[in-house]
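# Structural overview
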Amino acid sequence: MTSLDSVTSHPVAQQQGTEILLHAQHLSSTRANRLLFRDLELSIPASSVLYVAGPNGSGKSTLLRMLAGLYAPSSGTVSRFATDDNETWQRQTLFIGHKPAVKQALTALDNLQLQAQLDGAQIDDPWQLLETVGLLGLEDIPAQQLSAGQQRRIALTRLWYSRARLWILDEPFTALDQAGINLLQERFAEHCANGGALVLTSHQPLTWQPQQLQTLTLGGGHE
Amino acid sequence: MWRWLHPYAKGEATYRLLGHWLPWLAISAALSLLVGIVWGLAFAPPDYQQGDSYRIIYIHVPAAIFSMGAYTGMAITALIALVWQIRTAEWAIAAIAPVGAVLTAVSLFTGAVWGKPMWGTWWEWDARLTSQLILLFLYLGVLALYYAFDDKRTGAKAAGILALVGVVNVPIIHYSVYWWNTLHQGATITKFEKPSMATSMLIPLLICLLGFALFTAAMICWRLRHEILRQELHRPWVQQELIGQEKLN
Amino acid sequence: MNNVTTWQVISTIIARDWRVAMRRRSDILNPLLFVLMVVTLFPLAVGPGPDVLGRIAAGVIWVVALLSSLLGSERLFRDDYLDGTLEQLVLLPTPLAVTALAKIIIHWLLSGLPLVILTPVCALLLKLPMDGWATLMLTLLLGTPILSALTAIGAALTVSLGRGGALLSLLLLPLFIPLIIFASAAVEGALVGAPILGQVLLLAGLMVLTLTLAPLAVAAAIRVSVN
């Protein structure tokens, strides 16, 4: 039903000296009386990428939300940064779901600054950030007048100032153009090089080759 | 594998346990209700002031008491469900609410019927009737919320939170209504006040109370069993259970 | 570092919702217009005589206040739920109850406070004797935060349903009953010159109790709703 492949020569979890950011054991989920996955075991070491693949409705989003701490698993445990302290965990994790959490009535700049305040980040030069994600010149237009891809860029701006070590991203490439996808992958590579880790789902294959890539394939609803 | 099976065994175990209790509860409830009501309605002496009309007390008082008891029970269950995330407790909320709502409705109806000979009107803004009416609204809110959700598990959790909010409010509502009643009606003596009751009237009332308690418990057991079956419909043991019952018929 | 404080979270949520509301001012104005219009209906329905109107004025204003607080209150969390903000609020490192309190405060600023400010106009239209004005304002000032807190519970419970309206009223109106009893009794007391300190203190106590417990209930309800 599920398979976990690792492209590194050694199974990542067994490597010596690698810090494990997240470890999940015997994870199962039933949603609306339907079994999505069961007895899942996964480890996310620093500087690695977990790529969750699978058809629609196979439980990708559910798994990501579970790892982020939004859902309680039906059974099994998720241990994070080897700590039980919820606050530490939330500070170290950044989750962006497929709903981008962008306020439609507010401008890109307002969205960026208010979100940064909630994230507790100090932004010295918001214009610089807007330029990086390609929103410069659009900053004073309410988000509802921007395209889906531009709105997604507003949400993804968080990745450029976030100090969270584990990023959990549900379909981050949705609605982005090729330039946007490339930009995002560059940022992912930078994040991994700095010792961060990444969990993502996508229907597109990654064009970038991370050093440590695990691919988790969730089976379809029908076996 | 056991770890995987463990949580699902719970529903089945509870179902079987309730199945053992249910016949005993049902039989003793039927017996005590029969004895209590027949005694109360036919053999207890008439009241010197109210004549025979007081006899509705044998239905009214137990229904009113257990309507409040069921609400408290529901709130306690909701607390258990919220704190320990026990699924059986979540289903129990859904099992208790309709029983409690019906008991409240019965107490309101019998109160109104009793009010007619006593006050000459079907409805009097008496403090007890009013707070029973509000209790009924609280029950209806819990039920409406539960049935509004397609995902019954979420519905049960939401209904549980509402039940807890309600139970914090019940004493406040209760005392505010009593206070409002004295404010607006001066020194009206509520007719339900019974300073003392003759033993010959009291004994059937106590039997009726016991009967209603057992009846409430039996109804909740019965409904909870149904709720478990409905929630676990996709599990093999439920399907076997249903097939077994069909063969028996 | 990423050390967001409780105050920062409260002030940011209030600032964000304030800005969103300022972009859609009709959402604030419409419930107030509703209050004015319903208040206008009463003299037309029961006659404009000051004896009848003055007697029922406080009760009418309070009932209308309850109804108007229900209007559009399902939107308290609806937009946040739909655009994914609610998930992000759940994932904040600060306790969710703090976030809930911030939402209650902003809801009061946008719906409760304008209502208190509008009250003198309603009192005038309904010919409430002057003796009752100050008390009416005071009860509304103490009571509207309770309305906002209870409304937030209901809104959080029903946010994932997509059709809150009538259900929300069903859940909330019974919980509003003590509020309306104490508040109208206080105004009535003031009109006949009776002491009202007791009722006012009771309302204040209720406000403190509600504002303490409601954020916990809202937080629990949000967790259920994003699930």
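Because the structure is a prediction, the values reported are computed rather than measured. (Residues numbered from 1 in each chain as written. Chains lettered and ligands numbered in written order. Predicted model: local features only at pLDDT ≥ 70, side-chain atom pairs only at ≥ 80, totals over all residues. Heavy atoms only, no water.)

## Observations concerning the interface of chain B and chain C
The figure often quoted for interface size is the accessible area lost as the parts come together. Each partner contributes to the interface: chain B provides 26 residues, whereas chain C provides 26 residues. Area buried by chain B at its contact with chain C is led by B:Ile161, B:Ile172 and B:Trp179, which between them contribute 22% of it. Here chain B and chain C share 0 salt bridges between them. The interface formed by chain B and chain C holds 0 residue pairs in polar contact (both at pLDDT 80 or more) in total. Contributing elements (two or more residues each) for the side of chain B that touches chain C: helix H4 (127–148) and helix H5 (152–185) of chain B. Residue composition of the side of chain B that touches chain C, grouped by class: 19 nonpolar, 6 polar and 1 charged. (Contact = heavy atoms within 4.5 Å. Buried area = accessible area lost by both parts, 1.4 Å probe. Salt bridge = Lys/Arg side-chain N within 4 Å of Asp/Glu carboxyl O. Polar contact = N/O pair within 3.5 Å; in protein donor to acceptor, adjacent residues only side chain to side chain. Helix = DSSP H or I, 4+ residues; strand = E, 2+ residues; numbered from the N terminus. Nonpolar A, V, L, I, M, F, W, Y, C, P; charged D, E, K, R; others polar.)

## So, the packing of aromatic side chains
Using the criterion set out here, one finds 8 aromatic pairs over all chains in the structure. For the ring pair B:Tyr71 and B:Tyr139, a centre distance of 5.2 Å and an interplane angle of 75° mean the geometry is edge-to-face. Taken together, the positions of B:Tyr71 in helix H2 (residues 57–84) and B:Tyr139 in helix H4 put the pair 68 residues apart, joining distant regions of the chain. Here the aromatic residues A:Trp167, A:Phe173, A:Phe188 and A:Trp208 are joined through ring pairs into a cluster of three or more. Between B:Lys152 and the ring centre of B:Tyr146, over which it is positioned, the NZ or CZ distance is 5.3 Å. (Phe/Tyr/Trp six-rings, centres within 6.5 Å; stacked < 30°, edge-to-face > 60°. Lys NZ or Arg CZ within 6 Å of the ring centre and 35° of its normal.)

## Some thoughts on the interface of chain A and chain C
Chain A puts 30 residues into the contact, and the matching count from chain C is 29 residues. Across the interface of chain A and chain C, roughly 3000 Å² is buried in total on both sides, 52% from carbon and sulfur atoms. In this structure, the connection of chain A to chain C is made through 4 salt bridges. Notably, a salt bridge pairs C:Asp80 with A:Lys103, separated by 2.5 Å at the nearest N-O pair. Counting across the interface, chain A meets chain C through 11 residue pairs in polar contact (both at pLDDT 80 or more). Looking at the side of chain A that touches chain C, the elements with two or more residues in it are helix H1 (60–68), helix H2 (86–92), strand E6 (93–96) and helix H3 (108–119) of chain A. Sorting elements by how many residues they give to the side of chain A that touches chain C places H3(A) first, with 6 residues.

## Remarks on unusual backbone geometry
Working note: non-glycine residues mostly have negative phi, and peptide bonds are mostly trans. For A:His26, which is not glycine, the phi torsion reads 50° and is therefore positive. With respect to the secondary-structure elements, A:His26 resides in strand E2 (residues 20–31).

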